Amino acid sequence: MRPVVPYVTAALLFGLGVFGVLRRRNAVLVLMAVELMLNAVNLILVTADTTVRAQLPHAGQVFALFVIVLAAAEIGVGLAIVLQLYRLRASVAVDEVPLTEAPTPVPAGVTGAAADRSGAGTVGGVDGPEVRG
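For clarity, every value in this text was computed on a predicted model and none was experimentally measured.

### Some points on the packing of helix H1 (residues 4–23) against helix H2 (residues 27–51)
1) Next: Relative orientation of the contacting elements H1 and H2 amounts to 160 degrees, with a least axis distance of 8 Å. Accordingly, the angle class assigned to the pair H1 and H2 is roughly antiparallel. Considering only the axes of H1 and H2, their crossing is left-handed. Two secondary-structure elements touch here, H1 through Pro6, Tyr7, Thr9, Ala10, Leu13, Phe14, Leu16, Gly17, Val18, Gly20 and Val21 and H2 through Val30, Ala33, Val34, Leu36, Met37, Ala40, Val41, Leu43, Ile44, Thr47, Ala48 and Thr51.

### Things to note about the packing of H2 against helix H3 (residues 59–89)
1) Next: At a minimum axis separation of 8 Å, H2 and H3 run at an interaxial angle of 175 degrees. Put simply, H2 runs roughly antiparallel to H3.
2) Next: Partitioned by chemical class, the residues of the contact of H2 with H3 number 16 nonpolar, four polar and three charged.

### Focus: a nonpolar patch on the surface
1) Next: A contiguous nonpolar patch, built from Phe14, Val18, Leu22 and Val41 and spanning about 340 Å² of accessible area, is present on the exposed surface.
2) Next: It is H1 that contributes the most residues to the nonpolar patch, three residues altogether.
3) Next: With respect to the helices and strands, phenylalanine 14 occurs in helix H1.

### Examining the side chain of threonine 47
1) Next: Note on placement: threonine 47 falls in helix H2.
2) Next: A relative accessible area of 4% places threonine 47 in the buried class.
3) Next: In this structure, threonine 47 is in contact with Pro3, Pro6 and Tyr7, ignoring residues within four places of it in sequence.

### A look at the pattern of salt bridges
1) Next: Within the structure shown, the criterion is met by one salt bridge.
2) Next: Among the salt bridges present, the one from arginine 25 reaches aspartate 95, with a minimum N-O distance of 3.3 Å. Of this pair, arginine 25 sits in the loop between H1 and H2 while aspartate 95 sits in the loop between H3 and helix H4 (113–117), and the two are 70 residues apart along the sequence. Accessibility assignment for this pair places arginine 25 and aspartate 95 in one class, exposed.

### Details of the environment of glutamate 35
1) Next: Here glutamate 35 lies in helix H2.
2) Next: Taking C-alpha positions, glutamate 35 is 6.7 Å from alanine 71, a pair spaced 36 residues apart along the chain.

### Topic: the confidence of the model for the chain
1) Next: Scored by pLDDT, the chain has a mean of 80; 76% of the residues are at 70 or more.
2) Next: Within the chain, the lowest mean pLDDT, 49, falls on strand E1 (residues 122–123), and the highest, 94, falls on H1.

### Quick notes on H3
1) Next: Taking 1.5 Å per residue, 31 residues should reach 45 Å; H3 reaches 44 Å between its end C-alpha atoms and fits that length.
2) Next: Within the sequence span of H3, burial applies to Gly60, Ala64, Val67, Ala71, Gly78, Val82 and Leu85.
3) Next: Where H3 is buried, its residues contact H2.

### Section: H2
For an α-helix, the turn length of 3.6 residues means that residues three or four places apart are oriented alike.
1) Next: The end-to-end C-alpha distance of H2 is 36 Å, a good match for the 36 Å that 25 residues give at a rise of 1.5 Å each.
2) Next: Taken together, the buried positions of H2 are Ala27, Val30, Leu31, Ala33, Glu35, Met37, Leu38, Ala40, Asn42, Thr47 and Asp49.
3) Next: Its buried side turned inward, H2 meets H1 and H3.
4) Next: Near the N-terminus of H2, the side chain that reaches the backbone nitrogen of valine 28, with its oxygen 3.2 Å away, is that of asparagine 26.

Conventions and cut-offs
Residues numbered from 1 in each chain as written. Predicted model: local features only at pLDDT ≥ 70, side-chain atom pairs only at ≥ 80, totals over all residues. Heavy atoms only, no water. Axes fitted to C-alpha atoms, helices over the stretch in contact; angles between N-to-C directions. Helix = DSSP H or I, 4+ residues; strand = E, 2+ residues; numbered from the N terminus. Parallel < 35°, antiparallel > 145°, perpendicular 65-115°, else oblique. Left-handed = near helix turned anticlockwise from the far one by under 90°. Contact = heavy atoms within 4.5 Å. Nonpolar A, V, L, I, M, F, W, Y, C, P; charged D, E, K, R; others polar. Patch = residues over 30% accessible without salt bridge, like charges linked within 9 Å, V, L, I, M, F, W, Y side chains within 5 Å. Areas by Shrake-Rupley, 256 points an atom, 1.4 Å probe, with all protein chains shown as cover. Salt bridge = Lys/Arg side-chain N within 4 Å of Asp/Glu carboxyl O. Buried < 20%, exposed > 50% of the residue type's maximum accessible area, 1.4 Å probe, protein only. pLDDT = per-residue confidence, 0-100. Expected span 1.5 Å × (residues − 1). Polar contact = N/O pair within 3.5 Å; in protein donor to acceptor, adjacent residues only side chain to side chain.

Written out as structure tokens, the structure is:
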């Protein structure tokens with residue numbers, strides 16, 4: 001097997017992943033593009049391990065396993081952040097996330113433009129004490 005084919009394939013996959021991260025607005029699609037880049041790195045590591053005889057045998061495969069574990073942890077944390085973002089903002093669009101103001105939770109059952117105007121139940125972006133009467 002010629003090592004040029006997997007290297008070019010990995011470069012194309014990594015380029016497609018970079019394009020997805022820079023171009024997409026949906027947070028879930030951005031996470032998928034990051035996974036695509038990590039898989040391209042895995043392809044390079046395994047190809048280099050089979051073509052280059054280094055001092056440490058199977059080092060590329062071991063590093064690929066570490067990248068797989070890292071990708072699984074990244075997806076777990078990333079999806080938790082995306083779900084919390086959806087709960088707070090009713091949207092997972094990355095370019096609509098205001099990074100300078102405190103989040104205001106969206107009341108249950110309110111979506112869309114009404115969710116942007118609603119700040120019910122919050123004081124300064126923080127949930128206040130529950131009052132029953």
